[in-house]
Amino acid sequence: MGLSHDKAEPLLIVDNLEKVYASRGVLGTRKEVIALQGVSFAIRPESTLALVGESGSGKSTLAFCLACLERPTSGRIIFQGGEITALDEEQQRAVRRQIQLVFQDPARSLNPRFSSLDLVSEPLLVQGRVNKREREDRARTLLAQVGLPQEKALQRAEEFSGGQRQRLAIARALALEPKLLILDEALSALDCSVQAQIANLLLELQSSLGLTYLFITHDFAMAGHLADEIAVMERGKVVELGAADRVLRQPEHEVTRRLIAATPRLGATVHAPQVG
Amino acid sequence: MAKTMANLPKLVSPLLQVQNLHVAYVSRAGQKSPALAGLSFEMQPGETLGVLGESGSGKSTLAAALLRLLPANGKIESGAVLFEGLDLLQAEPGALQRIRGARIAVIFQEPSLALHPMIRIGEQIKDVLAAHESSSRSAMRQKTLQLLGEVFPADAASIAECYPHQLSGGQQQRVLIAQAIACGPSLVVADEPTASLDPSTQQEILLLFRKLREKFGLSLILITHNPALLAGFADRVLVMYAGKAAEIGPAERVLGSPQHPYTRALLQSMPSEIEGHANQRKSKLAAIPGEAPNLEMLANGCRFEARCADRMELCTKREPAVVNLGESHAVSCFKYGE
Amino acid sequence: MRYFLHRFLQATFLLVGVSLLTFLFSALAPGNYFDEMRLNPQISPETVAALRAQYQLDRPMPVRYVRWVNSLLHGEMGYSFAYNSPVAPLLWVRARNTLLLTVIATLMAWALALPLGIWSATTLGRLPDRALSGVTAALLVIPDLVLALGLLILAVRTGWFPTGGMVSVGYENLAPLQKLRDIALHMALPMIALVLSALPLLVRHIRAAIADVLSTPFLRAAASHGIRRRTLLYRYALRAAANPLISLFGLSMGGLLSGSLIIEVVMSWPGLGPLLLEAILARDLYVVIGGVLCSTIFLVVGNLVADVLLYLADPRIRTEVTAR
C-alpha cells in the first residue's frame, strides 16, 4: 500500500488560499470574518490527507472552496495541473464532477423520501446521462461497491441505519467517477464499530478505484489510521503539516500537541487527567 | 456542604437496582418495537458506572425510563427500578416529582435542544431550584450564581443573563450540568454528554465531571458509544447490546480484558493508539461484520450470534443467562457456562 | 429600530394604497347618492344637479381624491349625505360601540381558548381532545349568521335577553348601575355569538402550537428537573408556543373593527357594521371610505403590535435583528 507516485504531480495544490466573509452591521458598519488565511498544501494522487481542527478552524470553509461551492477571496486552487479558481460557472461544472463531497450527517444531506437507487442515480441525471437503463445499471453497480445489498435498492433512505446511509452518501459521491473525495467529518456521527466498517470501505475504494481523499475530522485517532499526511488547522491557518507518523510522534505546534492530548484513549490510567 | 466518600452513610443496599426492565415503543398502528428486553444491573453509591452501547442498544431509552420520561409512544412493560429502596416505576406522581432533579438528575443528549430557547440561563437554573426548595428570591439568585460558578470558572454572572442560543455547545453543556447538580442529587445520569463537542471541549467537560464528582460525592452514570471515554473515568462498565446487558464489571477488566465477544470485537475495531505502530496505518480494521439487529424481528437465541466470531450451535437455540465470573464481573454468553 | 421604521413605512404605504383603492372603487361604481332623488318626480332635475354640485360630485375624480386627502389631514373625513353631518363624529360613536363589543368578546374568547387548547394538547388523541375537536369542528362549520339567528330565537323564546339594540327605551332615566346592567344585557347575545365564532379557530391553533412544544427535548429536560406540571405548561410550553400565537393575536386585534359586521347587523347592535352596510347601499361615499379606512388602520396596527410583541417575546429574533 505504499505511495508509488512519489515523483508524480500532486493531484491538488492549494496556494495561499484566503476566504473572508464580510457582513453589514446595523448602522452600515462592516464586519469581517477571516475564515481562511494563507492556506497552502498539496495532495498526491491516491493518497489521503487528513485535515484536523476544531470547530471554527475553517475546515468546512476549505472543503466548500475546494468543491467549488464557495469562491475564495484570493489564492489559487490547482487541480490536475489546471487552475480552477478563476474558471467561470460552466467550466466549474466540469471540474465539480471530479471533486465530490461527503458530509457528516447523512440524515440531512440525503433526501429521506428517495429510494437509494434514485439517490445514487440523481447525479447521473443531473450531469446529463439520459439513458435510464444505463443509469440504473450504474447505480446498482455503485450500491454493490459500497456494500449495500441489492434488496435495499428500492428502500427509502429514511429506513436505513446511520452506517448504511453513509455508504449511500459515498455511493452517490462516486456516481460521477471523481478523482478527489472530500470527506467532511464523514465518520464523526457514527458509532465506533460502524466507523470501522466505513473506514475499511474507504480504504478498499481507494485502492480499487484509485481515489484521493481529503479527510476532514477532529478525531486524531482515525486521522492517524487513515491518512498518509496530516494538516492541522486553527483559526483559518494551517499550523502544522507533515507525514502522519511524524505529526503524531513529534508534533511541533502547540495546537497539535493539545489536540493529540485531548483525544481519549483506551489505555488511560485510572486517575491521571489527560492534560498534555 | 460537600459530601465526600468518607462521610456517606454506609448503605448495605445498592443505590440503584434495575431489574428485568422491558420497554417498548408502540406505533400508532399498534406495532410494538422493543427497546429494552430485560435489562438488569446494580450500582453502588459513590460509583461511576459507564454504560457502553451503540445505536439500537437501548441506552437512551434507559436514561429516559429511569425517571419515567419516555415519549408518548413509549411504554414500560415490566420490571423494576429500585432507587434507595423505592421502586420508581410504581411511585406516585408526587413522589416522582420530588425525586426528579433533586435525588436523580438526568442530562439528555444534544445540549442545544435541552434548554428553553426564550428563557435566560439564570432563570432556568432558578426554576430547578424553585421546583424543590422554597427559599427567598435573593437566596435562590445567590445559589444560582454559585452553581454557575462551579461550572464556569469565570463570567458566571454574565452567562446567567444570556440566552441559550448565545452560548457555544460546550457552554450549554456546562449549564445542563449546573442544572443537574443544583439540588444536590445522589445520582446523575449523563447521556452522551460529549457527543457533539470538539475534543478539547470534550476533555474539559470530562474534567468538570471528575471535579464535581469528587467535590459532591456524586454517583454517576455516563452513557456513551465510545469506550475510550470511559477508560480512566468509570469504575465499572456495563456493555449493552440489543436491549440487554452483555457484560458488566470493573472498568479495567471490561475494557482491558473483555470477556463478551461483542465487547472484544468492539474494542478491537477501534483504530490503534495514536502513537501506535506505523505499519498498521491504512490497514484494515477488525470491524464487526453486519449491523445491529432489528429488535422487532429477532429469532430465538443470542442476539449477537449472527455477528459473533465465537458462535456455537447452542447460541441459536436460546438466550444465554448471566454467568458470574467473580470480582463483580458478569457476562451473558454461553462460552462461560449455561 | 431600523426594523420598526421599515414596518411603519410599510404600514403607511398600505394605508395610502387602501384609501386610494376604496375611493376609486366606490366612486367608479355606477350611480351615486342622488340617484334615488332623481327618481322622485317632485324634485326637479335642476335641484338634483345643484345638490350634486354642492357636494362636488360633478368634479373629476383625482380632484375629489386630493380634496379628500387634504381634509383628512385637517382631521375631517368628509361629509355624509344621508346623515347630513360630518363623517368623523358619526364614525367615532359607532366605532366606540363596536369596540366595546369586540374587545370584550376577544378577551373572553382568548381567555376560554387558552385553557381549552392546552387541555386538548395535553390529552392529545384521547377522549377530551376528540370531544373538543368535534365541538370546534361543528362551530367552525356553522355560519356566523346562523349562530346569531339561533341566539336571537333563544332570546325571543326565553325572554332572558333583549333582542336588539344597545340600550332599552328610557335608558337615560336609569341609575348608573342599572345603566351598566342594561348595556350588559344587551351586549350578552352579540358577545356570545362573537365568542362562539372566534373560539374554534383559536382553540385549534393553540392546540397545535402547544402539542408541537410538548414533544420538544427542552420540555422533557425541564420535566426531568422535577418542575411542576403547571409551571411546565404555562411558563415553559406556552412561552415556547408563543410565536404563532402572537401572530394570531395580532390578527385578532386587526379584526376588532371589521370582524363583527354580520353579527352587529343581525342583532341590531349600533356599531360600525350596520352603518357601513347602510352607507354602501345608499352610496354614501365618504362614510364608506371612512369606515373602510378605520378598519384598515386597525388591521395594520394589529399586525404592527404583533411584530412588536414577537420582537419582545423571542430573544432569538431580537439578537438576530441587532446582529445584522
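All figures in this text were calculated on a predicted structure; none of them were measured in a lab.

Visitor: An account of the overall build of chain C is needed here, citing residue identities and associated values.
Guide: Along its length, chain C carries 15 helices and two strands. By residue count, 31% of the 324 residues in chain C fall in the buried class. For chain C, restricting intrachain contacts to residue pairs at least 6 apart in sequence, the fraction spanning at least 24 positions comes to 73%.

Visitor: Before we move on, can you summarise the pairing of strand β10 (residues 237–243) of chain A with the specific residues and values?
Guide: All names here are of chain A. Judged from the six bridges that link them, strand β9 (residues 229–234) and β10 form a sheet pairing that is antiparallel. The residue of β10 that forms the bridge with E234 is K237. The turn linking β9 back onto β10 is made up of two residues, and R235 within it adopts a positive phi angle of 50 degrees.

Visitor: Provide a residue-level description of the interface of chain B and chain C, including the pertinent values.
Guide: How large an interface is tends to be reported as the accessible area lost when its parts come together. Contacts between the two partners involve 26 residues from chain B and, on the opposite side, 20 residues from chain C. Those elements that provide at least two residues to the side of chain B that touches chain C are α2 (93–99) and α3 (121–132) of chain B. Tallying contributions element by element places α3 of chain B first for the side of chain B that touches chain C, with four residues. When its residues are assigned to classes, the side of chain B that touches chain C shows 15 nonpolar, seven polar and four charged.

Visitor: If you had to explain the interface of chain B and chain A to someone new, which residues and values would you point to?
Guide: Taken together, the contacts link 32 residues of chain B with 40 residues of chain A. Elements supplying a minimum of two residues to the side of chain B that touches chain A: α7 (199–216), α8 (227–230) and α10 (261–268) of chain B. If you tally residues by element for the side of chain B that touches chain A, the top one is α7 of chain B, at five residues. Its residues assigned to classes, the side of chain B that touches chain A comprises 16 nonpolar, eight polar and eight charged.

Visitor: Outline the sheet that holds strand β7 (residues 187–191) of chain B, supporting the account with residue identities and numerical values.
Guide: Residues and elements named next belong to chain B. Ordered in space as β6-β7-β8-β3-β9-β10-β12-β11, the eight strands form an open sheet in which the pairing is mixed. Taken across any chain shown, the strands that pair with only one partner, and hence form the sheet edges, are β6 (104–107) and β11 (323–324). Taken together, the two bridges between strand β10 (residues 244–250) and strand β12 (residues 330–331) define a ladder with antiparallel strand orientation. In the sheet register, E247 faces β12, and the bridge partner there is V331.

Visitor: Any details on the sheet that holds strand β4 (residues 74–83) of chain B? Residues and values, ideally.
Guide: Residues and elements named next belong to chain B. Ordered by their spatial adjacency, four strands build an open sheet running β2-β1-β4-β5, and the pairing between neighbours is antiparallel. What marks the edges here is a single partner per strand, and that holds for β2 (32–43) and β5 (86–87). Alignment of β4 against β5, held across two bridges, turns out to be antiparallel. Looking at β5, one finds that L82 is bridged to D87. Its contacts with the sheet place helix α1 (residues 59–66) against β1 (16–26), β2 and β4, and it is angled at close to 70 degrees to β2.

Reading the values: rules and limits
Residues numbered from 1 in each chain as written. Chains lettered and ligands numbered in written order. Predicted model: local features only at pLDDT ≥ 70, side-chain atom pairs only at ≥ 80, totals over all residues. Helix = DSSP H or I, 4+ residues; strand = E, 2+ residues; numbered from the N terminus. Buried ≥ 20, exposed ≤ 12 C-beta atoms within 10 Å, placed from the backbone. Contact = placed C-beta atoms within 7 Å. Pairing = 2+ DSSP bridges. Nonpolar A, V, L, I, M, F, W, Y, C, P; charged D, E, K, R; others polar. Axes fitted to C-alpha atoms, helices over the stretch in contact; angles between N-to-C directions.

Function cannot be read off these values alone, since they describe shape.
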